[in-house]
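# Descriptive structure summary
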Amino acid sequence: MDAARTADAHSTEGASAPWGIRLDDVTVRYPNGTVGLRGVNLDIPAGEMVAVVGLSGSGKSTLIRTINGLVPITSGSLTVGERRVDGASGRELRRLRGDIGMVFQNFNLAGRASVLQNVLVGRLAHTPLWRTMVGAYRAEDRELAYEALDRVGILEKMYGRASALSGGQQQRVAIARALTQRPKIVLADEPVASLDPPTAHGVMSDLRRINTDLGMTVLVNLHLLDLAREFGSRMIGMRAGEVVYDGPAATATDADFEHIYGRSLTTDDRLDG
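Cut-off values and rules
Residues numbered from 1 in each chain as written. Predicted model: local features only at pLDDT ≥ 70, side-chain atom pairs only at ≥ 80, totals over all residues. Heavy atoms only, no water. Pairing = 2+ DSSP bridges. Helix = DSSP H or I, 4+ residues; strand = E, 2+ residues; numbered from the N terminus. Contact = heavy atoms within 4.5 Å. Axes fitted to C-alpha atoms, helices over the stretch in contact; angles between N-to-C directions. pLDDT = per-residue confidence, 0-100. Buried < 20%, exposed > 50% of the residue type's maximum accessible area, 1.4 Å probe, protein only. Polar contact = N/O pair within 3.5 Å; in protein donor to acceptor, adjacent residues only side chain to side chain. Expected span 1.5 Å × (residues − 1).

## Some words on the sheet that holds strand β5 (residues 83–84)
Ordered by their spatial adjacency, four strands build an open sheet running β2-β1-β4-β5, and the pairing between neighbours is antiparallel. Each end of this open sheet is capped by a strand with a single partner; those strands are β2 (35–44) and β5. Here strand β1 (residues 21–29) pairs with β2 via six bridges, running antiparallel. Paired with Leu-23 across the bridge in β2 is Leu-42. In the packing of helix α2 (residues 60–67) onto the sheet, contacts are made with β1, β2 and β4 (75–80), and the angle to β2 comes to roughly 65 degrees.

## Thoughts on the confidence of the model for the chain
Averaged over all residues, the pLDDT of the chain equals 90, while 89% of them reach at least 70. Across residues 1–14 the pLDDT falls below 50, and counting only partners more than four positions away or on other chains, this stretch makes 22 contacts in the model.

## Side note on the side chain of Asp-269
Structurally, Asp-269 can be placed in the segment after α10 (254–261). With a relative accessible area of 0%, Asp-269 lands in the buried category. Here the side chain of Asp-269 touches Thr-266 through a polar contact of 2.7 Å, landing on its backbone nitrogen. Other than its neighbours up to four places away in sequence, Asp-269 contacts His-223, Leu-224, Leu-225, Asp-226, Tyr-261, Arg-263 and Ser-264.

## Considering helix α7 (residues 167–180)
A rise of 1.5 Å per residue sets the reference length of α7, with its 14 residues, at 20 Å; its end C-alpha atoms lie 20 Å apart and thus fit the reference within 8%. Within α7, burial applies to Gly-168, Gln-170, Gln-171, Arg-172, Val-173, Ala-174, Ile-175, Ala-176, Arg-177, Ala-178, Leu-179 and Thr-180. Buried positions along α7 lie against β6 (100–104), α4 (115–120), α6 (139–151) and α8 (197–214). Arg-182 occupies a position one or two residues after α7 and carries a positive phi of about 55 degrees.

## Looking at the pairing of strand β7 (residues 185–189)
Residues in a regular strand project their side chains so that they alternate between the two faces of the sheet. Most of β7 is tucked away, with five of its five residues classed as buried. Residue alternation in β7 divides its side chains into two sets, Ile-185, Leu-187 and Asp-189 and Val-186 and Ala-188, and both sets are buried. As defined by bridge partners, β6 adjoins β7 across five bridges and the pair is classed as parallel. Within the sheet, the bridge partner assigned to Gly-101 lies in β7 and is Val-186. By the bridge criterion, five bridges tie β7 to strand β8 (residues 217–222) in an arrangement that is parallel. Paired with Asp-189 across the strands is Asn-221, a residue of β8.

Here you go:
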């Protein structure tokens, strides 16, 4: 594998056609009666970079987990790509998740395993069980892992233990793992919440390059208004399970954010405090 191959070569190898997302009057009610989403209507075209903003409990995480089929909808309809998610069987949902890359706040890495082993986990849904049990990944799977690590700038760390990396490096491993799936959509749930400002900018820049270079649909849950403005082409604001803002991210005003948050802004709402 040639680690010095260009970004253009990366964008033509391993890329897959992105998916759009459509929610029609979607409501999610949890068993305890809590409403996670309330009559949400959204049409997200393939290849869009969307920042979803709102306070804790606003419905941001429910939205992402519903798109991924982890949280069932109570009413309405949800289409991801050409697949109806509501009413899908367990097998269909597992297939869906194999095409959706997830990036979490807490990285979800195996600390004792190598960076490369963690990234190859992204191929589990596309690899026979016996190969994963003995670690006999195909050459093309390893190539995808190398390319993903190169794209996020940590290829040289691939044989090191994941636990030895900084928080920002671990999040980049998580992004590389998602890319190794060859996903149609990347969903990131508060991916920079635990990172310092420079590292947060670096991780968000990685996600934006994935969107621009590969044309991939990317949804990122955020709380910080400056990151939403800088990195989202579109911003969706959520409060109490409802969409209260849907428009361009770059031109969203402080007044828009105060409407989304339902309160005055504080220093905690900005990356630099």
